[in-house]
Every structure is written in C-alpha cells, then in structure tokens.
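Examination of the molecular architecture
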Amino acid sequence: MTIDRTTLRWNGWGPVKQENPLPADAPQWAWIEEALGVSRLPSTPAVALHDIRLPHSRLSEDVLGKLRGICGDNQVRTDDYERAFHARGKSYHDLLYLRAGKLDMAPDAVVYPRSADEVLAIVKLCAEEDIALIPFGGGSSVVGGVNAMPKSLGGAVLTLDTTLMTRIIQIDKVSMTARIEAGIYGPHLEEQLQSHGVTLGHYPQSFPLSTLGGWIAARGAGQQSNRYGKAEKWLVSAKLATPKGFWTTEATPASAAGPNLNQLVAGSEGTLGVIVEATVKIHDLPERKDYRGYLFKTFAQGVEAARRINHAEIPVAMVRLSDAPETYFFQALSSSGSGGLKSKLQRMYLKMKGFDDAPCLMLIGHEGSKETVVWAQEQTEATCKRLGALALGTGPGKRWYHGRFNGPAVRDPMMDRGLGVETLETSTRWSNIANLHEKVVGAITDAIAANVPEQNARGIVMAHVSHSYPDGASLYFTFVFPRQLDREVEQWQAIKRAASDTIEMNGGTISHHHGVGADHVPWLGEEKGEIGMSILKATKREMDPKGVMNPGKVLG
Ligand SMILES: Cc1cc2nc3c(=O)[nH]c(=O)nc-3n(C[C@H](O)[C@H](O)[C@H](O)COP(=O)(O)OP(=O)(O)OC[C@H]3O[C@@H](n4cnc5c(N)ncnc54)[C@H](O)[C@@H]3O)c2cc1C
C-alpha cells in the first residue's frame with residue numbers, strides 16, 4: 001500500500017485537496033500584517049505545472065531501456081508530474097524554487113523498484129553509467145536532501161523512489177524487534193505494527209508523508225523521542241544496496257567488536273547506498289496516554305523544569321516548552337487572530353497569579369502502563385509547580401495531540417501572501433540553552449530586519465525546547481517574515497547564514513534531526529573537525545568510488 005503521488009502537492013505540503021486553514025477572509029491576516037509591520041500582504045500564487053517547461057531528459061533510450069528491463073515499463077516514469085514531484089524536497093528554500101516554476105533541478109527519470117534486488121541492479125547500473133542516483137522516500141527533507149543534483153554540470157540524474165517497498169517482513173515479539181522494508185510510509189507502518197499490539201513510536205510532524213528509510217537516513221526524531229528514541233537509537237540493523245553490493249550491518253543488542261557501523265548508516269542521507277530494509281526496536285502499545293499543559297512565568301523556569309524532569313529520570317514521552325513568542329503566536333493563529341487570545345477574565349486571573357503578558361507554555365506527554373503514567377504525571381506536575389508553573393490540565397495537551405501533524409498546512413497559504421515561513425533546529429547542553437536561544441533569536445531577528453521589503457517591517461521569531469537528554473536538549477526555531485519578492489533566495493540565504501553561523505559559534509550542532517543535506521554542508525566541517533571529515537570522505541570514497549550516490553549532500 002502506498003500513496004498515489006498525484007494526490008499530493010508537488011510544490012507544497014500535504015494533499016492537493018485539503019481545507020485551507022487560512023482562507024483569504026480569515027481574521028488572522030490583519031493580525032499577521034500588524035505583527036510584521038507591513039502595510040499589505042501581496043498575492044503571490046505559485047506557478048502552475050502546465051505553465052512550466054521542464055528541461056529535456058538527459059538519459060539515453062539505452063539506459064531507460066535497461067531500467068525498464070530491471071523494474072518493468074510502468075515503474076520507470078519520465079512524465080512532468082513525476083519529475084516535478086521529485087525535483088526537490090519540502091524546505092522553504094525548495095518551495096521558493098518550486099513555486100516559481102524553476103524546475104531545472106528535475107531528475108531525468110524516476111524509478112520505482114519493488115525489491116532489494118531491483119534496487120541493487122539500479123545502483124550498479126548508475127555506477128556503471130556514471131549517473132547520479134537520488135534515494136527518495138517521502139521527499140519531506142527540509143535540508144535539500146533529495147534535490148536532484150547531477151554529479152557535474154550536464155550530468156544525468158535518476159531518482160529512486162522507495163515507496164513501493166512496504167512489507168513488514170518479520171515481527172519478533174520475544175526480542176521486541178521488527179524487520180521492515182524501507183519505503184513504508186508512517187501511517188501504514190504503525191497501522192500494521194499496531195494490529196499486532198506493538199509500535200515503533202516514531203511520530204515526526206511529517207509522519208503522514210515520510211518513510212522509515214528517510215527517518216533512518218536523516219537521523220530523524222519523533223515527537224515522543226524521550227520515550228521511543230531518535231532513529232539512531234531505535235535502529236538495530238540496516239541492509240543497504242551499495243555500488244559495492246549488499247551490506248547488512250551488525251544486529252546484536254550491544255557489542256565491543258569495534259565501532260558500531262549502524263552509526264554510519266543513520267545520517268548517511270543516501271550518500272553511501274540505498275537502505276532497503278531495517279530491523280528496529282518496537283514497544284508494546286501504551287495502555288495510557290496523558291498529555292497536558294503548564295504555564296511558566298519565564299522561559300528559564302520552563303527550561304529548568306525540563307532539566308529537572310530529565311535528571312530525576314521521570315519517564316516522559318515528550319516535554320516541549322515554547323518560548324513566549326511561540327506561546328503567543330500559536331494561540332493567536334488558532335483563535336481567529338484576535339490577538340487578545342485569552343479572554344479578559346483569563347488575563348486578569350493570570351495577572352493575579354503573577355504572570356505578565358508573556359508566559360511560556362510547556363506540554364508534557366506520558367505514555368505507558370496505567371500505573372507508570374499516573375505516577376510520572378504526579379511527579380512532573382509537582383516539579384513544574386515547584387518552579388511556579390500553573391497547571392492547565394489536559395485541555396492544551398489534548399488539543400496539541402489532536403492537531404499534532406496539522407501545523408505545516410499554514411505554510412502554503414502564507415507563501416501565497418508573500419510571506420516566508422522557515423524553521424531550523426539544533427541541540428546543545430543544558431548549561432548553554434539560554435545563551436543559544438537568545439543568540440539565535442537575536443541573529444534571525446537582525447538578519448530579517450536587514451532584509452525586509454519595506455521600512456519598519458520585521459519578522460516573528462519564536463522557538464521551543466523539545467527532545468531532552470541527560471546533558472542537554474534540542475532547540476527548534478520558527479520564523480515568519482515578509483518576503484523580498486525580487487530577491488527571495490538571497491534573503492533566505494542571508495537569514496540562514498546568520499542563524500547557522502551563530503549556532504556554530506555558540507556550541508550548537510548544525511542539525512539535531514533534519515540532517516545535513518545540501519543546505520548545511522558549509523557548516524559540517526567545523527563541527528566534525530579535519531580528521532572527522534577525512535574519515536567520512538574516505539568511507540564515501542570506499543563505498544561509492546564513482547560518487548554517484550546522492551551527490552552534493554552531506555560532504556558537498
Ligand atoms: C512539515 C515537516 C515536518 C517535519 N517534521 C519533522 C520532525 O518532527 N522530525 C524529524 O526528524 N524530521 C522532520 N521533518 C524532516 C523530514 O520529514 C525528515 O527528515 C524525514 O526523516 C525524511 O523522511 P522521508 O521519507 O521524507 O525522506 P526523504 O525526504 O525522501 O529523504 C531524506 C534523506 O534521506 C535519504 N533517503 C531517503 N530514503 C532513503 C533510503 N531508503 N535509503 C537511503 N537514503 C534514503 C534521501 O536521499 C535524503 O537524503 C519534517 C519535514 C516537514 C516537511
């Protein structure tokens with residue numbers, strides 16, 4: 001079972017037919033204009049596919065014939081829709097190109113193999129013919145990871161779409177592992193596992209439209225990573241089709257037989273080979289889930305609560321703390337943009353309790369057995385209250401849980417009104433969270449202010465802490481800003497560079513869970529160091545001597 005690609009937006013996020021959360025007459029627009037300091041939001045619709053001329057395919061009939069011989073005629077696609085859908089991923093940067101109809105990066109063909117053997121034959125053909133091969137799962141990369149870049153100018157590009165490889169091969173309930181083909185989408189994977197009473201528990205916000213192979217390749221994190229772990233943690237073993245043949249990594253629970261090579265696969269982003277299947281850790285379905293909200297007077301108090309919860313080893317599935325601008329923004333967006341957000345009565349109550357106008361919302365989720373959830377919830381609530389938080393009950397938690405995959409649907413309508421909507425993320429030690437938060441917010445705010453279309457315009461810059469560990473946590477930034485329509489890409493580059501340089505200089509990683517792709521290449525060297533980079537480059541050279549696997553990504 002897979003998703004019919006023509007039902008999905010090739011130049012946006014989600015199904016073609018989905019309710020617009022921000023229609024033209026939505027009251028939120030007036031509030032957004034005011035918050036951004038712009039006189040008027042322009043209409044900037046995307047160019048339709050039928051108005052775009054795609055470049056001629058650079059693949060010869062001979063190669064196309066060989067591909068058809070491997071997978072069958074119907075599995076090799078060269079039509080405009082397939083090429084456009086696979087041209088790029090779903091980052092703001094990608095959408096600037098796609099929406100403008102700039103499809104010079106479209107692959108020359110898209111191939112849909114149905115088995116590991118077919119994948120290996122395609123990988124070998126590309127190595128023989130010197131064709132760039134782009135592994136593509138859901139295509140939800142937000143770092144340029146699936147962009148159809150050639151090996152060198154004028155070179156041919158083939159995209160390998162994994163989404164016909166969707167079998168659950170084996171569920172081992174004794175060891176609590178499952179062997180699964182890599183092209184399976186999130187909902188299909190969980191539906192099947194849950195019919196056996198188990199779960200992987202990996203729910204990124206892109207869950208409906210991303211795949212197992214993409215999660216591993218990009219070292220992704222689900223929203224409940226505190227309980228279920230990041231991809232590199234739940235990965236037991238992977239089988240890859242590489243230019244040198246099949247490679248299956250070790251599968252023991254722990255080993256001292258040299259470095260664990262699964263760590264090379266998680267984060268390889270298609271540059272070493274195509275993951276065709278993986279063995280992953282699974283869990284019993286939680287008996288109970290409990291999500292609720294707490295309001296903190298300051299961001300620092302919320303961070304301290306998150307740290308204490310982690311260090312006390314209280315079992316949580318999720319701890320997510322929004323800073324004051326994010327707390328305000330998402331309430332405004334979901335409350336018709338009245339800007340008032342809370343009723344007068346609520347505001348008076350909060351004031352009485354010592355909260356000013358900029359409180360910070362924390363959502364805490366527990367999943368597990370009934371007893372554990374009840375006990376852990378009492379512990380987290382006590383920790384929050386000791387730090388002065390107001391317990392809001394299960395209402396905010398339930399609302400968040402219900403809409404947890406819906407947030408990205410606002411990006412397309414915002415881009416239709418001349419707005420930029422971008423996110424980036426990092427992680428750092430607890431002792432550096434406040435510093436990094438302040439510095440990155442400052443860098444993004446200043447870079448937007450220096451690159452706006454009209455005087456007095458500004459951005460809305462917000463962040464949350466999530467995915468916590470004993471030594472630190474991730475920080476996720478979202479920013480909305482008016483686009484400079486005559487220099488959209490340069491504007492993005494200026495903001496991205498300012499944020500990434502600031503992260504690099506202040507003890508953060510260039511990515512906690514989105515990966516490196518093409519966009520983060522300039523910052524990887526500083527993070528890994530000279531020797532680290534030479535190890536990565538040597539591995540790439542050894543496994544993919546002709547450099548056909550996903551060129552331009554990770555190592556540049
Ligand atoms: C709206 C939105 C929300 C998101 N939320 C999250 C989130 O909460 N957490 C998170 O971690 N990420 C998130 N992301 C980023 C993205 O969804 C993840 O990186 C995801 O893991 C990518 O999966 P995919 O199947 O779409 O992979 P793709 O985008 O198709 O590919 C990602 C990378 O992996 C490689 N790849 C894909 N499949 C294979 C394979 N079988 N073998 C080898 N290489 C492969 C590709 O070449 C590429 O380099 C979000 C993205 C969007 C657009």
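All residue numbers here refer to positions counted from 1 along the written sequence of the relevant chain. Residue-level local features of this predicted model are given only where pLDDT is at least 70; pairs of side-chain atoms are given and counted only at 80 or more, and the full residue set underlies all totals for whole chains, interfaces and linings. To obtain the side-chain values, all non-hydrogen atoms of the structure were included, while hydrogens and water were left out.

Thoughts on the pairing of strand S9 (residues 245-248)
Strand pairing follows a simple DSSP-based rule, namely that at least 2 bridges must link the two strands. Each helix is a run of DSSP H or I of at least 4 residues and each strand a run of E of at least 2, with the numbering of both proceeding from the N terminus. The pairing of strand S8 (residues 235-242) with S9 spans 4 bridges and is classified as antiparallel. If you follow Leu-240 over to S9, its bridge partner there is Trp-247. Between the end of S8 and the start of S9, which pair antiparallel, lie 2 residues.

A short note on the side chain of His-514
With respect to the helices and strands, the residue His-514 is situated in the loop between helix H18 (488-505) and helix H19 (521-543). By relative accessible area, His-514 is classed as buried at 16%. In this analysis, two residues are considered to be in contact whenever any of their non-hydrogen atoms come within 4.5 Å of each other. If sequence neighbours within four positions are ignored, His-514 has contacts with Val-142, Val-143, Ala-218, Thr-423, Glu-425 and Tyr-476. Throughout, exposure labels follow a simple rule: accessible area from a 1.4 Å probe, protein chains only, divided by the maximum for the residue type, with under 20% read as buried, over 50% as exposed, and the rest as partly exposed.

So, the sheet that holds S9
With respect to topology, 5 strands assemble into an open sheet ordered S5-S6-S10-S8-S9, the strand pairing being antiparallel. Each having just a single partner strand, strand S5 (168-172) and S9 make up the two edges of the open sheet. Within this sheet the neighbouring strands show an average axis-to-axis angle of 10°, counted without direction. Note that strand S6 (residues 177-181) and strand S10 (residues 274-281) share 5 bridges and pair antiparallel. Looking across to S10, one finds that Thr-177 is bridged to Lys-281. Strand contacts of helix H6 (residues 186-194): S5 and S6, with the helix running at about 40° to S5, the strand carrying the most contacts. Here, axes are lines fitted to C-alpha atoms. For helices the fit covers the stretch in contact, and angles between N-to-C directions go from 0 to 180 degrees.

Things to note about the nonpolar core
Residues belong to one nonpolar core when they are buried, are Ala, Val, Leu, Ile, Met, Phe, Trp, Tyr or Cys, and are joined through side-chain atoms within 4.5 Å. Counting residues in each nonpolar core, the largest one holds 86 residues, and the members touching the most others are Met-362 and Met-414. Take this core: its biggest share by element is 7 residues, from helix H17 (residues 433-449). Of all hydrophobic cores here, the second largest spans 28 residues; its members include Val-198, Ala-231, Ala-238 and Ala-278.

Digging into the packing of aromatic side chains
Remark: the centre distance and the inter-plane angle together describe each pair of aromatic rings, the angle taken between the planes. Any two rings among Phe, Tyr and Trp, with Trp reduced to its six-membered ring, count as a pair given centres within 6.5 Å; such a pair is stacked if its planes are under 30 degrees apart, edge-to-face if over 60, and tilted if neither. Within this structure, the stated rule accounts for 15 aromatic pairs. Ring centres of Phe-85 and Phe-136 lie 6.1 Å apart, and the angle between their planes is 50°; this geometry places the pair in the tilted category. With Phe-85 in helix H3 (residues 80-85) and Phe-136 in strand S3 (residues 132-136), this pair connects stretches of sequence that are 51 residues apart. Residue classification places Phe-85 among the buried residues on the basis of a relative accessible area of 2%. Consider the rings of Phe-207 and Phe-405, whose centres lie 5.4 Å apart with planes at 25°: the pair is stacked. Here the residue Phe-207 occupies a position in the loop between strand S7 (198-199) and helix H7 (212-217), and Phe-405 occupies one in the loop between helix H15 (395-402) and helix H16 (411-415), the gap between them amounting to 198 residues. Using a relative accessible area of 19% as the deciding quantity, one classes Phe-405 as buried. Taken together, the aromatic side chains of Tyr-203, Phe-207, Trp-215, Trp-234 and Phe-405 make up a single cluster linked through ring pairs. We count a charge as sitting over a ring when the NZ of a lysine or the CZ of an arginine lies within 6 Å of the ring centre and within 35 degrees of the ring normal. A cation over an aromatic ring shows up here: Lys-90 above the ring of Phe-85, its NZ or CZ 5.2 Å from the ring centre. Lying across the ring of Tyr-203, Arg-404 places its NZ or CZ 5.6 Å from the centre.

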